[in-house]
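Chain residues, written in single-letter form:
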Amino acid sequence: MTLVHEAFNEIYPGRELDKQAVIKYSGKFKPYNANVRYNSEMITFNLSKEWRKVSAEIKKGLFQSLLIKIYKGMPNTGYVDMYHSFVKNLSNYSAATKSEPALAESFDRVNSRYFNGLMDKPNLVWGSFSTSRLGSYEYQSNTIKISTIFQLGKNHLLDYIMYHELLHKKLKFHSKSGRSFHHTTLFRNAEKKFENQEQTENELRQFCRKARPKGFIFGNWFR
């Protein structure tokens, strides 16, 4: 566990790691996913099996980003920046092998109209039927996942969700002091370029309100 202790000492100099550290690799995780669990005695880092082949420097940045979730603070290290850069660029090496027909059609419309046809097609899959999480983009696997609520029709609303997630693919995220920012000012300004964006947002809310379960409270739509 030397690497974990090195990661801790660099972001919290003068402190000792007060828990036993364990690293577990699993084939059940999506590629390059990871999380951390802890109790009063132990910290367990759960990593996908792909992390075994990644350099120690990048893994140190991963451990530091996870340790920050536990011990707080906003340290700035080159290793965390290296880790974030690695994640940002994973999509360049992830094969796109999944493409649901309706989502592929939406991608083609949005790519042609808003990206001059220059965006590489990511994996395009349906998620669950959700009115709270409408879409997400996963950098590690280059995958856009969209709620099956849009199988009900409303192509222009589906295209808006597709546009939002493709902006994540294009603009990546901004990292500062160990934190990642996805919906930056640059992102929000680009989002407004969607035709009739404000009207579309209002229609999207009405569409989801009609479809949502009784008593449902809206959360974050996008990720």
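Criteria and thresholds
Residues numbered from 1 in each chain as written. Predicted model: local features only at pLDDT ≥ 70, side-chain atom pairs only at ≥ 80, totals over all residues. Heavy atoms only, no water. Buried < 20%, exposed > 50% of the residue type's maximum accessible area, 1.4 Å probe, protein only. Helix = DSSP H or I, 4+ residues; strand = E, 2+ residues; numbered from the N terminus. Pairing = 2+ DSSP bridges. Contact = heavy atoms within 4.5 Å. Axes fitted to C-alpha atoms, helices over the stretch in contact; angles between N-to-C directions. Parallel < 35°, antiparallel > 145°, perpendicular 65-115°, else oblique. Left-handed = near helix turned anticlockwise from the far one by under 90°. Nonpolar A, V, L, I, M, F, W, Y, C, P; charged D, E, K, R; others polar.

Q: Explanation requested: the pairing of strand S3 (residues 42–48) in the structure shown.
A: In terms of burial, S3 is largely enclosed, as six of its seven residues are buried. Where strand S1 (residues 20–26) lies against S3, seven bridges are found, and the strand directions are parallel. Looking at S3, one finds that Tyr-25 is bridged to Leu-47. In this structure, the hairpin formed by strand S2 (residues 34–38) and S3 is closed by a connection of three residues.

Q: I keep staring at the side chain of Asn-46 and nothing clicks. Help me out?
A: Structurally, the position occupied by Asn-46 is in strand S3. Overall, the relative accessible area of 17% leaves Asn-46 in the buried class. Those residues in contact with Asn-46 that sit more than four places away from it in its chain are Lys-24, Phe-29, Asn-33, Ala-34, Asn-35 and Arg-37.

Q: Looking at this structure, how should I read the packing of helix H4 (residues 101–114) against helix H5 (residues 155–171)?
A: Helix packing for two helices is described by the angle between their axes and how far apart those axes are. Interaxial distance between H4 and H5 falls to 9 Å at its minimum, and their mutual angle equals 70°. One finds that H4 runs roughly perpendicular with respect to H5. You can see that H4 and H5 cross each other, and the crossing is right-handed. Side by side, H4 and H5 meet where Ala-102, Leu-103, Ser-106, Phe-107, Arg-109, Val-110 and Tyr-114 of the first sit next to Asn-155, Leu-158, Asp-159, Met-162, Tyr-163 and Leu-166 of the second. Partitioning the contact of H4 with H5 into residue classes produces nine nonpolar, two polar and two charged.

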